[in-house]
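So you can see what is in the structure, the chains are spelled out below.
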Amino acid sequence: MSVKKIVKYGASSLRVKSKEVHKISKKVQILVEDLYDTLYALNGVGLAAPQIGENLRVFVVDVGTDPKTMNPITFINPKILKKEGAVNSYEGCLSFPEAYTNVRRYKYVKIKALDIKGRPFILEADEGSLLARCIQHEFDHLEGVLFIDHCRNRFEADKVLTEKGLDPVNADFLLDEKELEEQIQNNPPQEEK
């Protein structure tokens, strides 16, 4: 359909919990197409509806590394069923142009959602894979949570954000993830999957 403008960090709409989709209407199908068009145009791996100004529980992911291995996955009304383990994830976000920092993520995630045809599915992603981390990142957007809320070092994150002309981390949104941090520190880093 069309490439949409990305809502940038600082917009209050990124901090709002998204609404459930009650019917997979033509409007929702167009939203999904717009999400993919925007994702591919910006070379992203995931994009949530709030990032293009739509307050609906929809996100798309494609962690394929080239056009031959593209694997688009649509998540409508997702629910995380299980998460465990911990991994350091060096992440950025299309709403934070060119800003990257280390964040805490679960190593394994099991998620339930509807596809574009309204069919339910369950997906598991583990070993701290890009898919596992991307699912968590995009799901967070639907909850009004941003990747910097998981930052491992607030001062490092502030430095990166400031260098990119963005507001610093808001301490009110930082998540208390002591257990995740301890697990990360007690496990040696692994190769990215």
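Reading the values: rules and limits
Residues numbered from 1 in each chain as written. Predicted model: local features only at pLDDT ≥ 70, side-chain atom pairs only at ≥ 80, totals over all residues. Heavy atoms only, no water. Helix = DSSP H or I, 4+ residues; strand = E, 2+ residues; numbered from the N terminus. Polar contact = N/O pair within 3.5 Å; in protein donor to acceptor, adjacent residues only side chain to side chain. Contact = heavy atoms within 4.5 Å. Core = buried A, V, L, I, M, F, W, Y, C linked by side-chain atoms within 4.5 Å. Buried < 20%, exposed > 50% of the residue type's maximum accessible area, 1.4 Å probe, protein only. 1 Å grid on protein atoms, 1.4 Å probe; cavity = no way out; pocket = protein on both sides within 12 Å on 5 of 7 lines; lining within 4 Å. Points joined across faces, edges and corners; volume = space filled by probe spheres on them. Phe/Tyr/Trp six-rings, centres within 6.5 Å; stacked < 30°, edge-to-face > 60°. Lys NZ or Arg CZ within 6 Å of the ring centre and 35° of its normal. Lys, Arg positive; Asp, Glu negative; His and termini not counted. Salt bridge = Lys/Arg side-chain N within 4 Å of Asp/Glu carboxyl O.

Draft legend 1. Structural context of the environment of Asn170. With respect to the helices, strands and loops of the structure, Asn170 is situated in the loop between α3 (154-163) and α4 (178-186). Residues Asn170 and Asp158 lie twelve residues apart in sequence; the distance between their C-alpha atoms is 9.4 Å. Polar side-chain contacts of Asn170 include one of 2.9 Å to the backbone nitrogen of Asp172.

Draft legend 2. Local environment of the side chain of Ser18. Tracing the sequence through the fold places Ser18 in the segment before α1 (26-41). Leave out the neighbours within four places in its chain, and Ser18 touches Pro50, Asn55, Leu56, Arg57, His141 and Leu142.

Draft legend 3. Structural detail: the nonpolar core. Judged by nonpolar contacts, the single largest core of 16 residues is most densely connected at Tyr9, Phe96, Ile148 and Leu161. For this core, the elements supplying multiple residues, two or more each, are β5 (96-105) and α3. If we skip the residues at most four places from it in the chain, Ile148 touches Tyr9, Phe96, Leu161, Val169 and Leu174.

Draft legend 4. A look at the environment of Leu31. Locating Leu31 in the fold gives a position in helix α1. Residue classification places Leu31 among the buried positions, given a relative accessible area of 6%. Distance in space between the C-alpha atoms of Leu31 and Lys79 is 20 Å, their sequence separation being 48 residues. Contact partners of Leu31, with chain neighbours within four places excluded, come to Ala49, Ile52, Glu54, Leu56 and Val58.

Draft legend 5. Highlighting unusual backbone geometry. We note that Asn77 has phi near 50°; this positive angle belongs to a residue other than glycine. Looking at the element boundaries, Asn77 is found in strand β3 (residues 73-84). For Asn77, a relative accessible area of 11% translates into the label buried. Despite not being glycine, Glu98 shows a phi value in the positive range, around 60°. If you trace the backbone, Glu98 turns up in strand β5.

Draft legend 6. Representation of the layout of surface pockets. The volume enclosed by the largest pocket comes to roughly 460 Å³. Val45, Glu91, Gly92, Cys93 and Tyr100 are, among the 23 residues lining the largest pocket, the residues nearest its centre. Every element with two or more residues in the lining of the largest pocket is listed here: β4 (87-93), β5 and α2 (130-143).

Draft legend 7. Seen up close, the packing of aromatic side chains. Taken as a whole and judged by the stated rule, the model has six aromatic pairs. Their ring planes at 20° and their centres at 5.9 Å tell us that Tyr36 and Tyr40 sit as a pair that is stacked. Of this pair, Tyr36 and Tyr40 both sit in helix α1, four residues apart, roughly one helical turn. Connected via pairs of aromatic rings, a cluster forms that spans Tyr9, Phe96 and Phe147. We note Arg15 situated over the ring of Phe173; from NZ or CZ to the ring centre the distance is 3.7 Å.

Draft legend 8. Just the side chain of Glu138, in detail. Take Glu138: it is sitting in helix α2. It turns out Glu138 is buried and unbridged, and the closest side chain with the opposite charge, Arg105, is 8.0 Å from it. A polar atom in the side chain of Glu138 sits 3.2 Å from the backbone nitrogen of Ala48. With near-sequence residues (within four places) excluded, Glu138 lies in contact with Gly46, Leu47, Ala48, Gln51, Phe59, Val60 and Val61.

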